[in-house]
Structure formats: C-alpha cells, structure tokens
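Chain and residue survey
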Amino acid sequence: MQDTTRPPATTAKLLKGILPINRAAALRDALAGISLASMDIPQVLGYARIAGMPAVTGLYTAFLPLLAFALFGASRHLVVAADSATATIFASRLSSMAAMGSPEYVALAGMVALQTAALLLLARLFKLGFLADFLSRTVLTGFLAGVGVQVSIAMLGDLFGMTVPYPSSRSLAQLVYVIGHVTHAHEPTLVLALVVIVAILGCKRFAPRLPMPLVAVIGSIAASKAFDFAARGISVLGPIEGGLPAIRMPDVTWQQSLDLVPVAASCFVMIIAQSAAAARVFAQQYHEDVDTNSDILGLAAANAAAALSGTFVVNGSPTQTAMADRAGTRSQLGQLVFAAVVAVVLLFLSGYLRYLPHSVLAGIVFTIAIGLINVQSLKDIRAESPGEFALALVTAGAVVLAGVEHGILLAVALSLMRHVRHSYHPHTMVLTPVAPGKPWQFMPTKPGAMTAQHLIVYRFGADLFYANDHFFASEVTKLVDTASDGLRHLVVDAGAITDLDYSAARTIGELIETLRARGVAVIFGRVNRFLRNDMDRHGLMRVLGASNVFDTLHEALAAAGVNSGGHEPNVL
C-alpha cells in the first residue's frame, strides 16, 4: 500500500472513490448500498440523539455529505456521515450555549461543521495529512472508550423515562442523579428499552447480518402508532419536518463563531485521526493506494455540505465503514445508493418517525456507545505495554470527568508527549564482547561498559536536539568516568541520528573538547549525508575533525586502531 499526498497522473480528479468500475461491480455496490441503508439509517438517527439535534438531521448527514465525499474524496470504502465521537465533542460544548434541539442550537452545530470544513480545507491546501499520525492508537482507544462511557450515561435518562437536569458534559452528575431517582423510572419505557438493547446485542452475537436496529425502529413505530405509546406515558419523537434539507448558511453571531473555534478544532483532530485510520485499514485490506490529502478535501466538502444543509459535523466513521464492508460495498457507489435511499425516506417516510419512542432510540445509541469500549484492545495494550495502558485510562477518565472537548486535547497532548519522551530519553547501547571468540553485540548502556581495551563504542537511538543533548553528554561522561584506566577512543555509532540542531551541536562540541583534554579521542561512525550536512552547517566538523567522521562503523573502528573483523556484526 502506498500513502501519497497527490493522486497518480492517470487518475481522474473527481469520483476517485468510484472510478474505474464495471457493470457487475456497479450492480454489486448498488445492492450493497441498499443493505447498508437498512443497517445505518437507525444509526444516524441515534447519532443525532447523541448530538442533541432533531432526529431528521441525522438523516441529513447521510445525504448531501455522502454525495460530497463521493465526488471529491479518494477512498473507495470510507463512509462519511454522522459519528458518535464528533457528535459528543460538539454537543458537550453547545449544550451550554443553547437548548438542545432548538433552532439556535442547530445553527451553532452548522457553524461548527462550517469551521471544521474550513480547517480541513486548510489542511488540504498545506498538505497536512501527516497530522493523522499524531494521535496514537493507544490514546485514541482510550478516548473512544471514554466517549462510550459518557454517551452510555447520557442515555440513561431516556432509558429510564426520566428527565435529567444536567447536560451531557456532566457525566458524573447525570449518573448520580439517575441512581438517586431510579425508583421513579417509568417501567414500560424501561422494559421497551431493555428489550431493544438485548435484541440488538443478541443479534450482534448470533445473527450479525440481521439489521436488528432497523427492525427495532420499524417495530416500535408500528407498535407506537397502534397502541398510542404517547398516551401511555412513553415519550416519542413527535412531529418531524419531512422533505429534503433546505440550503442555507448557519445564522450565528460573530462572538458565537469565535467561541466555537476550539470545538471545531477538536472535531478537526478527531476527523483527521479516525478517517485516516479507517481509510488506511481498508485500503490495505484490498491492496489499494491511500491518498490522505484527497480524502481530507472530500471531508472538507462533506462538512461544508453538512453546514449548508442544516445538519452537524460528519466524520469518516470506522464503525460505519466496517458495516459498509460487511454489506459488500467496494466503492463509493454503494454510499451514493445509501444516500438515495435516505432521500426516499426524507421525501415519503419521515412522517412515520414521529411515533418512534425516545427509549428505542436511546437503546440503539446505548449499544453503539458500549461498542466504542474496545475491551480486547485495552487488554492487549495492558498486556504489551502497561505504560501505554495507563495513558489510555487517563484519556478515558478525562473524557468522562472533564468532557469530550478537553479529552481530545489531552489525547493529542499525551500522544505528542509520548513521542517527545521517546526522543528525549531514547534507547542507548554499548558494543560489548559477549564471549571470547564470539561477535560483539550491542547491549543496553550501563556504567563501566566497554567494547575493548581502550575503546567504547556507544550508540544513541534518536536524533540529537535541544531536549536530549544533555542526556547524550551526561551518559557519555558517565561511561568515560567509569571506564577502566587507559581509555583512548570513544566511537559514536550515529546510525540512528539523522538530524542535529544548533543547541545539540554546541553541547556535543563542548563534550568533544572536554574529552580531548582528558586524552579521549571522539570518532563518529555510520554518519549519513543528512547528519554530515548538519555537522558542517553548525561547525561541528571543525571541532571534531573531518578525519574522525566515517560512513561506516568498520572505518571508525579501524581509525581507533581496532580490527573489527569477526567481532562487530551486521554493520554497513
């Protein structure tokens, strides 16, 4: 699989997620798109509930945004529509600015989508697709687990048939309130919700191809209309505006727009991370190229379409993409057929949604939310890397305790800190004799370690920059201090060093002068051309001496008076 920032010259500028296609593939994708619609329409209704938006706006996310991504995007598999993570991100902030579901709230959500589209467009113009790599899988797993917990708690009020007087951003307060008022639960509402949850989870286990959420929606609508659930105290959606979405700009004030920028930035980060991950997984599965920047352009167009059509932020959803793959779609034609089915529902069937019980929708959302808690991935992380598992738990806890917006910012910060930590304190080794007559091996650095009499070969496992140059200097100094008498040469294996900044060059230069005064010559081996250029630019070559810089470790050892043949393994 090739990850490229521009399409091949032979590829069309538009419809790259569809073309080329033949008649048989088109028929297959069309049928798969109908199957996808049967599974996904209840999902997007549920995502609208998570977002605090009118139910019909969930259908809007699967109409014009799908068409926009199919036109401008490159991935043949990515489903771009409503998503629980981004819905939770903006709902946690917008719920403090306007009443959920109100016209003002809808306008604010549209502005978030428009600002997100602008950020994505900037990312495309500056080819920032690489930003997708800065949210590690570990913290993303923790973030989604936290979202799953928060959304599950947010649905408890509808599941128990009670009104919770706290916004979705205050998960603990919601949980405490529900527990304290559990005796006031509306029993018919709770029973209906439990039946839906058990049925959906059971089908996921024993009949995964059966669209149980759709069955639950249709069945509950029919029962609600026949038995007048609303008159029996079971809350229903009520009248829903039908027809295709109206095209208009979100009507918000300038101050509100400024207040929404951090929310849009959080959505932007999540969209970049999730969409790129999903597109890469399925492209790799089918041995296709990945054009991340074209996908970003498609996501920008999709979010602009969402904003103008009165709905909320859309995302390349991994779960919906997996559903599309299971349904059999192999190009964006399947998503176009999905959008056509949604248009039919909007034009002719939306009136029936008025009878849909809130508890049924909450039950569907609840199953989506618990599906975000990937227990197996968390177990794998814990078994393989307890430190990363702790990062995942911290991220999840931040989402639940501090809110989704702060959680995504913490996730990004933790990912970057983890990367910096590895660069700040990289693995270092000393080439060490293991047994007489055996090849030398690189072993973890420890005081007193030596390669041979009068010689230490030291390997530093990262680029040298201002944050780790003092670690390099202090560790080398400790090795020299603890070496046996008569140390004459320190050979630095620079095979892992490709970059040297100004600060590090000054620190290394001072170290070389200090060691030279103590009678220890410093030699650099395996110096690549990038490092050599940095050494020249920063004047380190003058301090070190060109005669002490070599392309291979063999040459560096020879300069130190050591015959490395038969000792040093696998060097260039």
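Now for a description of the structure that goes with this document. Because the structure is a prediction, the values reported are computed rather than measured.

Here we take up the overall build of the protein chain. Along the protein chain, the regular secondary structure elements total 23 helices and 9 strands. Its C-alpha atoms give the protein chain principal-axis dimensions of roughly 95 × 60 × 50 Å. Evaluated residue by residue, the protein chain yields a buried proportion of 55% over its 572 residues. Long-range contacts, defined here as pairs at least 24 residues apart, represent 80% of the contacts in the protein chain between residues at least 6 apart. Taken as a whole, the protein chain presents about 25,400 Å² of accessible surface, with 63% of it coming from carbon and sulfur. Charged side chains in the protein chain number 39 positive and 36 negative. The centres of these two groups are separated by 5 Å.

What follows is about the packing of aromatic side chains. Counted under the stated rule, the structure contains 6 aromatic pairs. For the pair F90 and F312, a centre-to-centre distance of 5.7 Å together with 45 degrees between the ring planes defines the contact as tilted. Residue F90 is located in helix 4 (residues 84-94), and its partner F312 is located in the loop between helix 12 (292-308) and strand 4 (315-316); the two are separated by 222 residues in the primary sequence. Like F312, F90 is buried. Aromatic side chains F460 and F472 sit 5.2 Å apart centroid to centroid with 80 degrees between the ring planes, which places their arrangement in the edge-to-face category. Of the two residues, F460 sits in strand 7 (residues 455-460) while F472 sits in helix 19 (residues 469-482), which places them 12 residues apart along the sequence. Note on F460: relative accessible area 0%, which makes it buried. F472 gets classed as buried once you look at its relative accessible area, which sits at 2%. Members of the aromatic cluster, joined through ring pairs, are Y458, F460, F471 and F472. One cation-aromatic arrangement involves R354 over Y355; the distance from NZ or CZ to the ring centre is 5.9 Å.

Relative placement of two packed helices is described by the angle separating their axes and the distance separating the axes. Following both chains from N to C, one finds helix 6 (residues 137-154) and helix 16 (residues 375-384) inclined at 140 degrees, their axes separated by 10 Å at the closest point. With respect to each other, helix 6 and helix 16 are oriented oblique. In terms of crossing hand, the pair formed by helix 6 and helix 16 is left-handed. Residues T138, T141 and A145 of helix 6 form the contact with helix 16, whose own contacting residues are S377, L378 and I381. When the residues that make up the contact of helix 6 with helix 16 are grouped by side-chain class, the tally is 3 nonpolar, 3 polar and no charged.

This paragraph deals with the sheet that holds strand 5 (residues 428-432). Ordered by their spatial adjacency, 5 strands build an open sheet running 6-5-7-8-9, and the pairing between neighbours is mixed. Edge positions in the open sheet fall to strand 6 (441-444) and strand 9 (521-525), since each of these has one partner strand only. Here the strands of the sheet are splayed against their neighbours by 30 degrees on average, with no regard to which way each runs.

What follows deals with empty space enclosed by the protein. Per the counting criterion, the structure on display carries 1 cavity of 30 Å³ or more. Considering only enclosed or pocket space, the largest cavity measures out at about 60 Å³ in volume. Every residue along the wall of the largest cavity is listed here: I272, S275, A276, A279, R280, V290, T292, D295, I296 and L299. A per-element tally of the lining of the largest cavity places helix 11 (residues 254-285) first, with 5 residues. By residue class, the composition of the lining of the largest cavity is 6 nonpolar, 2 polar and 2 charged.

Another aspect to go through is the pattern of salt bridges. Applying the stated criterion to the full structure yields 10 salt bridges. For R49, the salt bridge is made with D158, and the minimal N-O distance between the two is 2.1 Å. With a gap of 109 residues between them, R49 in helix 1 (residues 23-51) and D158 in helix 7 (residues 156-160) connect regions that are remote in the sequence. Exposure remark for D158: the relative accessible area of 16% places this residue in the buried category.

Among the secondary structure elements, S266 is positioned in helix 11. When its relative accessible area of 1% is taken as the criterion, S266 is described as buried. Between the C-alpha atoms of S266 and V412, which are 146 residues apart in sequence, the distance is 9.6 Å.

Next up on the list: the side chain of S224. With respect to the helices and strands, S224 occurs in helix 10 (residues 212-227). Residues in contact with S224, not counting those within four places in the same chain, are F229, V236, Y355 and P357.

Calculation notes
Residues numbered from 1 in each chain as written. Predicted model: local features only at pLDDT ≥ 70, side-chain atom pairs only at ≥ 80, totals over all residues. Heavy atoms only, no water. Helix = DSSP H or I, 4+ residues; strand = E, 2+ residues; numbered from the N terminus. Buried < 20%, exposed > 50% of the residue type's maximum accessible area, 1.4 Å probe, protein only. Contact = heavy atoms within 4.5 Å. Areas by Shrake-Rupley, 256 points an atom, 1.4 Å probe, with all protein chains shown as cover. Lys, Arg positive; Asp, Glu negative; His and termini not counted. Charge placed at Lys NZ, Arg CZ, Asp CG, Glu CD. Phe/Tyr/Trp six-rings, centres within 6.5 Å; stacked < 30°, edge-to-face > 60°. Lys NZ or Arg CZ within 6 Å of the ring centre and 35° of its normal. Axes fitted to C-alpha atoms, helices over the stretch in contact; angles between N-to-C directions. Parallel < 35°, antiparallel > 145°, perpendicular 65-115°, else oblique. Left-handed = near helix turned anticlockwise from the far one by under 90°. Nonpolar A, V, L, I, M, F, W, Y, C, P; charged D, E, K, R; others polar. Pairing = 2+ DSSP bridges. 1 Å grid on protein atoms, 1.4 Å probe; cavity = no way out; pocket = protein on both sides within 12 Å on 5 of 7 lines; lining within 4 Å. Points joined across faces, edges and corners; volume = space filled by probe spheres on them. Salt bridge = Lys/Arg side-chain N within 4 Å of Asp/Glu carboxyl O.

Coordinates in, geometry out; function isn't part of it.
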